[in-house]
Amino acid sequence: MKSLFKISFLILMFLTLLNCQNAEKKSIRIVEKDFGLLGQENDSIAIELNLLKFNDWKKILERTEQIVCNDSLPKVTLKNDSVIKRIYLRNPCWEGLACILVKQKNVIEIHNDTINKADQKFYPLDSLPQILKRDLENNGKNPKLSDNPEKLLIYISYDKNGIEKLPNTLNKLTTSFEQVTNRKDLKIWLNEKIDNPPPPPPPKESVEIELIEDEK
């Protein structure tokens, strides 16, 4: 009788442990999110950018353009235990194009993990929710901010080897954008930072006049 009781107890314990393990597995739900797809686009036109294969920022820009110019979308995938984020980049194909006119007020730039507007005001990366909200809700009211949410572009660039920072930047950007808008139609360009040229020196006459006035 005691042996039968022990066997029954062991079976019960085994079934309890098995149910607990199954319950834990069921509780981990993977959420999939797509950022940057527009209209009727889907993942079938996307090509993965494996960031581990690159050690130079210019190389990843070159690969991004190759993908775009072959009528595909560059994609970066971020994964953790609960979320899979697929981020589709909106870089243009520059082949045959002299330039693309983009108004600076419709751009938020992230360079070396620093946010700026028109190379004038600079903010830390943790300010993304506030900066995005300000531009996305502007709707043309402030002439220095974005005309409307559909026109807003996010440029991301690094001086040299910034690839290792890109996943963190993309994760913070997508999280902030979803938090502010509850949308996922985010337009991101990987970019090469082009510094504005220094202002030209004043005309010679102006310099001479200033010197004369100083002598007085």
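Reading the values: the criteria
- Residues numbered from 1 in each chain as written.
- Predicted model: local features only at pLDDT ≥ 70, side-chain atom pairs only at ≥ 80, totals over all residues.
- Heavy atoms only, no water.
- Axes fitted to C-alpha atoms, helices over the stretch in contact; angles between N-to-C directions.
- Helix = DSSP H or I, 4+ residues; strand = E, 2+ residues; numbered from the N terminus.
- Parallel < 35°, antiparallel > 145°, perpendicular 65-115°, else oblique.
- Left-handed = near helix turned anticlockwise from the far one by under 90°.
- Contact = heavy atoms within 4.5 Å.
- Nonpolar A, V, L, I, M, F, W, Y, C, P; charged D, E, K, R; others polar.
- Salt bridge = Lys/Arg side-chain N within 4 Å of Asp/Glu carboxyl O.
- Buried < 20%, exposed > 50% of the residue type's maximum accessible area, 1.4 Å probe, protein only.

Contact pair helix α3 (residues 128–136) / helix α4 (residues 166–181): the axes reach a minimum separation of 9 Å and the direction vectors enclose 50°. Regarding the angle of α3 to α4, the classification is oblique. Relative to α4, α3 is oriented so that their crossing is right-handed. Residues L128, P129, L132, K133 and L136 of α3 form the contact with α4, whose participating residues are K172, L173, S176, F177, Q179, V180 and T181. A class-by-class count of the residues in the contact of α3 with α4 yields seven nonpolar, three polar and two charged.

Moving on to the pattern of salt bridges. Under the definition given, this model contains 15 salt bridges. K58 is paired through a salt bridge with E192; the nearest N and O atoms lie 3.7 Å apart. Note that K58 is positioned in helix α2 (residues 57–69) and E192 in the loop between β9 (188–190) and α5 (204–215), a separation of 134 residues in sequence. With a closest N to O distance of 2.9 Å, D147 and K105 form a salt bridge. Here K105 lies in the loop between β4 (83–88) and β5 (107–111) and D147 lies in the loop between α3 and β8 (153–157), a separation of 42 residues in the sequence. Take K105: its relative accessible area is 23%, and that puts it in the partly exposed class. Residues joined by salt bridges that share partners form a network here, namely E32, D34 and R86.

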